[in-house]
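# What the coordinates show
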Amino acid sequence: MPSPRSHLPRYSLNRRVVYYRFASTVTPKSATSESTDRHVPPPQPPRGNKKIELKPGPVKPATLRSDAIPSTRPSQDTSSPSFYRPPRHTKPPIPVESSLSLIALAKQDIVTASERGVLEPPPKDATAFKRFTHQALQLLKFYFRGLKAINTHRKQVAIISARARSGGALPSRMEQRFIETYKRDVLKLLPFVLIVLVAEELIPFVALYAPRMLPSTCVLPGQRDRIVSRARNRQLNALFSHRGVFEAISKEGKQSGFVPVKHIGNPGAMCSMLGLPAWGPSPLKTWRVRRHLIAVALDDERLRREGCSRHLTVPELEEALLERGMISESDSPSADVMRAHLNWWLDNVEVLPAGSDAVTRRLLMLGLVGAQK
């Protein structure tokens, strides 16, 4: 006898089989969730929520500062190709003259130092006598702190020298210049102490007529600004007064690429342009120029080793240019322009023609700077 299941239609049989399989094969919930969770992406956070503010949050600069470090050298930067040359001057400098007397200048320096926080200002209700005694006491404290700073610098220089002797890192350019400044301050220490002990009121006169006698730690801000301004004007005056000397130097070294030291026609003009003392006989002036250019050559090597002029600030750039006889074209030049001038110098002194050395090559560069080529 045939089975009842055999008489069912095919579609009915299939439907029932499907029904039975659906009813009988139930997958455990845990296994299903584990298999599906692996493929389901994590839920996205809803849009439109309030933004979380970081405190303190990152601050985006509005504009790039003029003294920021460029990503490329100015000589390779297309934004300032015209400044890859020595500075050029078409007008003589304006004389830096003041109608104030020496006593008025000294008072002005004290007021400027008080405004910049270097000296403590006197009380507003102080009498003339109390104001005078207060300012004199503040000056004594300032000079005493300056002398103490020289002793502190001595310890720091000893640490740097000990590190180099023990096989550690050699002094960087900043450290080397710090050591040189300390050595110059030590030479000025004894005469300066004598002036402070004997006649403190003579210091403003020394700052005006003999600024090289003051240690770097004992100069008021107003005195420093005046010293830098006068030095810049003296170098610029030498540039205009001795243009013929520098044109002759540049013409002589045009073919060979260098100028021998003995061919310097006027070493005093070279000293004046470099900011060196121009007094004394000609051999002494020539010795000063040679010694200065040797120091500049070592500084050029450190600048190249540390990324040329990328890390220098605006005051450091201006100081480096003055040491190489290059006076800025304006009173407030941009950092990019000064970097282009300095890189022009570094790129050209690196090339040493046959028969030249670090000094003779830089003499030609000074001739080009003085001739405004």
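Preceding this section is the structure that the text describes.
A tally of helices and strands in the protein yields 13 helices and 0 strands. Moving toward the C terminus, one meets the helices and strands of the protein in the order α-α-α-α-α-α-α-α-α-α-α-α-α. For the protein, buried positions account for 35% of its 373 residues. Pairs at least 24 residues apart make up 67% of the contacts formed inside the protein by residues separated by at least 6 positions. Here the protein displays about 24,000 Å² of accessible surface, and carbon together with sulfur accounts for 60% of that area.

As a further point, take the packing of aromatic side chains. Any aromatic ring pair is given by two values, namely how distant the centres are and how the planes are angled relative to each other. Within this structure, the stated rule accounts for 2 aromatic pairs. A centroid spacing of 5.6 Å and a plane angle of 75 degrees characterise the contact between Tyr143 and Phe192, whose relative ring orientation is edge-to-face. Linking Tyr143 in helix α4 (residues 128-165) with Phe192 in helix α5 (residues 173-198), this pair joins segments that are 49 residues apart in sequence. Pair check on accessibility: Tyr143 and Phe192 agree, each one buried. In textbook terms, an aromatic cluster arises when at least three aromatic residues are bridged by ring pairs, as seen for Phe142, Tyr143 and Phe192. The ring of Phe240 carries the charged tip of Arg243 above its face, separated from the ring centre by 5.4 Å. Stacked on the ring of Trp279, the Lys or Arg Arg288 has its end atom at 4.5 Å from the ring centre.

Below, the discussion takes up the pattern of salt bridges. Per the stated rule, a full pass over the model turns up 15 salt bridges. Linking Arg362 and Asp300 is a salt bridge whose minimum nitrogen-to-oxygen distance equals 3.0 Å. Here Arg362 is found in helix α13 (residues 358-370), whereas its partner Asp300 is found in helix α10 (residues 282-305), with 62 residues between them in sequence. With relative accessibility at 0%, the residue Asp300 sits in the buried group.

Before going further, it helps to spend a moment on the nonpolar core. One recurring pattern in soluble globular proteins is that nonpolar side chains are buried together. Within the largest apolar cluster, 38 residues are counted, with the highest numbers of intra-cluster contacts made by Met270, Val289, Leu342, Trp345, Leu363 and Leu366. Mapped by element, the contributors of at least two residues to this core are α7 (221-241), α8 (243-252), α9 (267-274), α10, α11 (314-323), α12 (335-349) and α13. Examining the composition of this core, we find that 7 residues originate from one element, α12, more than from any other. Beyond its immediate sequence surroundings of up to four residues, Val289 is in contact with Pro267, Met270, Cys271, Leu274, Leu276 and Leu363.

Another aspect to go through is the environment of Leu312. On the secondary structure map, Leu312 appears in the loop between α10 and α11. Sequence separation of Leu312 and Arg339 is 27 residues, and the distance between their C-alpha atoms is 8.7 Å. Ignoring sequence-local partners within four residues, the contact set of Leu312 consists of Arg173, Leu303, Leu317, Arg339 and Leu342.

With respect to the secondary-structure elements, His292 resides in helix α10. A distance of 2.7 Å separates the side chain of His292 from the backbone oxygen of Glu323, its partner in a polar contact.

For the rest of this paragraph, the subject is the packing of α4 against α5. For any two helices packed against each other, one specifies the inter-axial angle together with the distance between the axes. Packing of α4 against α5 leaves a shortest axis separation of 9 Å and a crossing angle of 145 degrees. Judged by the twist between their axes, the crossing of α4 over α5 is left-handed. Across the interface between the two elements, Leu140, Tyr143, Leu147, Ile150, His153, Arg154, Gln156, Val157, Ile160 and Arg163 of α4 pack against Glu175, Phe178, Ile179, Tyr182, Asp185, Leu189, Phe192, Val193 and Val196 of α5. Each residue belonging to the contact of α4 with α5 can be placed in one class, and the counts come to 13 nonpolar, 2 polar and 4 charged.

A cluster of nonpolar residues, Leu202, Phe205 and Tyr209, forms a patch on the protein surface that exposes about 330 Å² of accessible area. A residue is classified by how much of its surface remains accessible, and Leu202, at 42% relative accessible area, is partly exposed.

A separate point is the packing of α8 against α13. Here α8 crosses α13 at 135 degrees, and the two axes come no closer than 7 Å. With respect to α13, the axis of α8 lies oblique. The handedness of the crossing between α8 and α13 comes out as left-handed. Here Arg243, Phe246, Ile249 and Ser250 of α8 lie close against α13, whose contacting residues are Leu363, Leu364, Leu366, Gly367, Leu368 and Gly370. Grouping the amino acids of the contact of α8 with α13 by side-chain chemistry returns 6 nonpolar, 3 polar and 1 charged.

We now examine α9. Within α9, 7 of the 8 residues are buried, leaving the element largely enclosed by the surrounding structure. Listing the buried residues of α9 in full gives Pro267, Gly268, Ala269, Met270, Cys271, Met273 and Leu274. Elements that come into contact with the buried residues of α9 comprise α7, α8, α10, α11 and α13. Count one or two residues on from α9 and you reach Gly275, which has phi positive near 80 degrees.

So, on to the layout of surface pockets. Roughly 500 Å³ of internal volume is contained in the second largest pocket. If you go around the second largest pocket, you meet 19 residues; those closest to its centre are Ala106, Ile110, Phe132, Leu139 and Glu201. Contributing elements (two or more residues each) for the lining of the second largest pocket: α3 (102-115), α4 and α6 (203-209). The element best represented in the lining of the second largest pocket is α4, accounting for 7 residues. Across the lining of the second largest pocket, the residue classes tally to 12 nonpolar, 2 polar and 5 charged.

The rules we used
Residues numbered from 1 in each chain as written. Predicted model: local features only at pLDDT ≥ 70, side-chain atom pairs only at ≥ 80, totals over all residues. Heavy atoms only, no water. Helix = DSSP H or I, 4+ residues; strand = E, 2+ residues; numbered from the N terminus. Buried < 20%, exposed > 50% of the residue type's maximum accessible area, 1.4 Å probe, protein only. Contact = heavy atoms within 4.5 Å. Areas by Shrake-Rupley, 256 points an atom, 1.4 Å probe, with all protein chains shown as cover. Phe/Tyr/Trp six-rings, centres within 6.5 Å; stacked < 30°, edge-to-face > 60°. Lys NZ or Arg CZ within 6 Å of the ring centre and 35° of its normal. Salt bridge = Lys/Arg side-chain N within 4 Å of Asp/Glu carboxyl O. Core = buried A, V, L, I, M, F, W, Y, C linked by side-chain atoms within 4.5 Å. Polar contact = N/O pair within 3.5 Å; in protein donor to acceptor, adjacent residues only side chain to side chain. Axes fitted to C-alpha atoms, helices over the stretch in contact; angles between N-to-C directions. Left-handed = near helix turned anticlockwise from the far one by under 90°. Nonpolar A, V, L, I, M, F, W, Y, C, P; charged D, E, K, R; others polar. Patch = residues over 30% accessible without salt bridge, like charges linked within 9 Å, V, L, I, M, F, W, Y side chains within 5 Å. Parallel < 35°, antiparallel > 145°, perpendicular 65-115°, else oblique. 1 Å grid on protein atoms, 1.4 Å probe; cavity = no way out; pocket = protein on both sides within 12 Å on 5 of 7 lines; lining within 4 Å. Points joined across faces, edges and corners; volume = space filled by probe spheres on them.

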